[in-house]
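Listed below are the residues making up each chain.
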Amino acid sequence: NNTDLKGAPALLRLDKQINFDWQNGSPAPGINADNFSVRWTGKLVPTAARETDLTIISDDGLRVWLDGNLIFDNWKDQGPEVKQVPLKVEAGRQYDLKVEYYENKGGAVAKLGWTETPMELIDKAVAVAKKSDVVIIFGGLSNKYESECFDRPTMDLPDNQNTLIEKVYEANKNTIVVLNTGSPVPMSKWIDKIPAVVEAWYPGEDAGNAMADVLLGNYNPGGKLPTTFPVKWEDCPAYGNFPGGNGQVNYSEGIFVGYRYFDTKNVKVLFPFGHGLSYTTF
């Protein structure tokens, strides 16, 4: 019941996974809703040799040791952030694993794991695409990649999504891409190939039904973009100044933000402010 792992544990238990989002509540009876810390210890025993990424999501601080070596250290107050650490493991070998976490106030997230390698997953998707009539790829971002309290480290789609889209399109030309994002992402690697792209933003809990209505033509997708989508990050007015240093950023673009900059400098954009297509003409 403190943030620095001092004293005797207030709770001892076995967790099958480190996969927790306690939000603003207590993680267990007798544990503070705020200002607590956790130490997990165990064995990591891979069933197959692999080179992959250890994926870590935390709000607030988290650090990881493998065989006594500190391989990840993000011990600070923060909103939920996704971090990845390259990991090479041998089949059947027992690795000593220790994970420490603390929560100061607000939300509480601690998640640790790996997936199959990106190409293994992409190969599975391609195999399904080859025997399908139509493919719908739902891609984009989430609050793990963009939210309050932190900036996106890159404008690109994460987790090999561009490669996924390109490979699936090669297997099946009837591919639709639906993007769940709250801000622009570059699409120049595949936008000229894909026959249909829908910017869905973050539609909420009824997103599945809403998107089915749009894709099936039950509803005419007539929305217009409230922001400009650049071709690439280097075209943006903030390029060269963001993220700055020592907690300071120089906003050198002045009043020329958004479409003002692209219009004034005559910079080609992917989709302009106000862009939007639909299934019909007027």
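Here the structure is shown first, and the text comes after it.
Computed from a prediction, not measured in an experiment: that's the story for all the values here.

Draft legend 1. Structural context of the pattern of salt bridges. Using the criterion set out here, one finds 9 salt bridges in the structure. The shortest N-O distance in the salt bridge between arginine 13 and aspartate 15 comes to 2.8 Å. Measuring nitrogen to oxygen at the nearest pair gives 3.3 Å for the salt bridge that ties glutamate 81 to lysine 83. Judged by its relative accessible area of 32%, lysine 83 is partly exposed. Through salt bridges that share partners, Arg39, Arg63 and Glu100 make up one connected network.

Draft legend 2. Expanded view of unusual backbone geometry. Residues aspartate 59 and aspartate 60 are joined by a peptide bond in cis, for which omega reads 25 degrees. By the secondary structure assignment, aspartate 60 is in the loop between strand 3 (50-59) and strand 4 (61-66). A cis geometry characterises the amide bond from phenylalanine 242 onward to proline 243, with omega recorded as 5 degrees. With respect to the helices, strands and loops of the structure, proline 243 is situated in the loop between strand 12 (229-230) and helix 4 (259-264). For leucine 5, which is not glycine, the phi dihedral falls at a positive 60 degrees. By the element assignment, leucine 5 lies in the segment before strand 1 (19-21).

Draft legend 3. A look at the packing of helix 1 (residues 118-130) against helix 2 (residues 161-171). Here helix 1 crosses helix 2 at 30 degrees, and the two axes come no closer than 8 Å. Relative to helix 2, the element helix 1 lies roughly parallel. Helix 2 is crossed by helix 1, and the crossing has right-handed handedness. Here Met119, Ile122, Ala125, Val126, Ala129 and Lys130 of helix 1 come into contact with helix 2, specifically with Thr163, Leu164, Lys167, Val168 and Ala171. Of the residues assigned to the contact of helix 1 with helix 2, the class counts are 8 nonpolar, 1 polar and 2 charged.

Draft legend 4. The sheet that holds strand 7 (residues 95-103), seen in detail. In spatial order, the strands read 2-7-4-5; together these 4 strands make up an open sheet with antiparallel pairing. Edge positions in the sheet fall to strand 2 (36-44) and strand 5 (69-74), since each has one partner strand and no second. On average, each strand axis in the sheet is tilted by 10 degrees relative to the strand beside it, whichever way the strands run. Pairing of strand 4 with strand 7, which is carried by 6 bridges, proceeds in the antiparallel orientation. The residue of strand 7 that forms the bridge with leucine 66 is leucine 97.

Calculation notes
- Residue numbering note: each chain is counted from 1, following its sequence as written.
- Reporting of local features is limited, given that this is a predicted model, to residues whose pLDDT is at least 70; pairs of side-chain atoms are given and counted only at 80 or more, and all residues count toward the totals for whole chains, interfaces and linings.
- Only hydrogens and water are set aside when side-chain values are computed; all heavy atoms of the structure are taken into account.
- Criterion for a salt bridge: a side-chain nitrogen of Lys or Arg within 4 Å of a carboxyl oxygen of Asp or Glu.
- Here the term buried applies to any residue with accessible area under 20% of the maximum for its type, exposed to any over 50%, and partly exposed to those in between, with areas from a 1.4 Å probe on protein chains only.
- Under the scheme used here, helices are H or I runs from DSSP no shorter than 4 residues and strands are E runs no shorter than 2 residues, and both carry numbers assigned from the N terminus.
- What counts as an axis is a line fitted to C-alpha atoms, over the stretch in contact for a helix, and the angles between N-to-C directions run from 0 to 180 degrees.
- An angle counts as roughly parallel when it lies under 35 degrees, as roughly antiparallel when it exceeds 145, as roughly perpendicular when it falls between 65 and 115, and as oblique in every other case.
- We call a crossing left-handed when the near helix sits turned anticlockwise from the far one by less than a right angle, and right-handed when that turn is clockwise.
- Throughout, a contact is declared for two residues whenever any of their heavy atoms are within 4.5 Å.
- Gly falls in the polar group here, along with every residue not listed as nonpolar (Ala, Val, Leu, Ile, Met, Phe, Trp, Tyr, Cys, Pro) or charged (Asp, Glu, Lys, Arg).
- Two strands form a pair only when DSSP identifies at least two bridges running between them.

From the geometry alone we can't say anything about function, so treat these as descriptive.
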